[in-house]
Amino acid sequence: AVLVALLAVLLRLLLQLRERATKRRSAEAALARHNQDSHEARLKSLEMITLATLAGDCELSEGCLRVRALLRDYPGLRTAPEYAPIEALHEEIRELAIGDERRRLSAAELERQDEARRIIEGRHRGAVLASFRTLRERARALAGSNFDLAVATGETPGTTSTPP
């Protein structure tokens, strides 16, 4: 009777382990699907923003801010030398007001900031547009690729990274 009870407990424990493993695999698969969907959406956004900026439908500064935000998820791309002009433009415009901040500015301050933005954009236009062309092609090439969180964050197995 004791042996039967021990076997019953052992069977129950094995079934619980199996259930947990199944739930873990299911959660990992759901996370992988979510990461892949997010990856595809970011690539599509990168392509659309760079294309709109290249076509003149999006201001250079706005395109830069949006692209830079998307590249946060890809440190390897963000720090690549061919995209340095995006960072350089961002460094110069980051103190200028955007969104609701702009709406609260006086007319004179708004004009001053717009003029500063035009001058800064003029200095960086050629290099940033070249970066956008390269980035658009890279996003197109990566479309349909598998998202690998470790590669995207620059981690190697067994390491962790801090968010950029």
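Conventions adopted
Residues numbered from 1 in each chain as written. Predicted model: local features only at pLDDT ≥ 70, side-chain atom pairs only at ≥ 80, totals over all residues. Heavy atoms only, no water. Core = buried A, V, L, I, M, F, W, Y, C linked by side-chain atoms within 4.5 Å. Buried < 20%, exposed > 50% of the residue type's maximum accessible area, 1.4 Å probe, protein only. Helix = DSSP H or I, 4+ residues; strand = E, 2+ residues; numbered from the N terminus. Contact = heavy atoms within 4.5 Å. Expected span 1.5 Å × (residues − 1). Bend = angle between axes of the 7 residues up to and from the residue. Salt bridge = Lys/Arg side-chain N within 4 Å of Asp/Glu carboxyl O. Axes fitted to C-alpha atoms, helices over the stretch in contact; angles between N-to-C directions. Left-handed = near helix turned anticlockwise from the far one by under 90°. Nonpolar A, V, L, I, M, F, W, Y, C, P; charged D, E, K, R; others polar.

A word on the nonpolar core
Here comes step 1: Ranked by size, the top nonpolar core spans 22 residues in total, and within it Leu 46, Val 67, Leu 71, Tyr 83, Ile 86, Leu 89 and Leu 135 carry the most contacts.
Here comes step 2: Elements with a contribution of two residues or more to this core: helix H1 (2-54), helix H2 (60-71), helix H4 (84-93) and helix H6 (107-142).
Here comes step 3: Here this core gets six residues from one element, more than from any other, and that element is H6.
Here comes step 4: In this view, Val 67 contacts Leu 46, Ile 49, Thr 50, Ile 86, Phe 132 and Leu 135; residues no more than four positions away in its chain are not counted.

Things to note about H6
Here comes step 1: The end-to-end C-alpha distance of H6 is 44 Å, clearly below the 52 Å that 36 residues give at a rise of 1.5 Å each.
Here comes step 2: At Arg 125, H6 shows its maximal bend, which comes to roughly 60°.
Here comes step 3: Phi turns positive, to about 85°, at Gly 144, one or two residues after H6.

Let's talk about the pattern of salt bridges
Here comes step 1: Going through the model one piece at a time under the given rule, you end up with 18 salt bridges.
Here comes step 2: As a salt-bridge pair, Arg 123 and Glu 92 come within 2.1 Å of each other at their nearest N and O atoms. Of this pair, Arg 123 sits in helix H6 while Glu 92 sits in helix H4; the two residues are 31 residues apart in sequence, bridging distant segments of the chain.
Here comes step 3: Residue Glu 92 is classed as partly exposed on the basis of its relative accessible area, which comes to 33%.
Here comes step 4: Each of the salt bridges in this network shares a partner with another, and the network as a whole consists of Glu 47, Arg 136, Glu 137 and Arg 140.

Topic: the packing of H4 against H6
Working note: a packed helix pair is described by the angle between its axes plus the distance between those axes.
Here comes step 1: The geometry of H4 relative to H6 is characterised by a closest axis approach of 8 Å and an angle of 145° between their N-to-C directions. At the point where H4 passes H6, the crossing takes the left-handed sense. For the pair formed by H4 and H6, the contact residues are Pro 85, Ile 86, Ala 88, Leu 89, Glu 92 and Ile 93 on the first element and Ile 120, Glu 121, Arg 123, His 124, Ala 127, Val 128, Ser 131, Phe 132 and Leu 135 on the second.
Here comes step 2: Of the residues belonging to the contact of H4 with H6, the class tally is 10 nonpolar, two polar and three charged.

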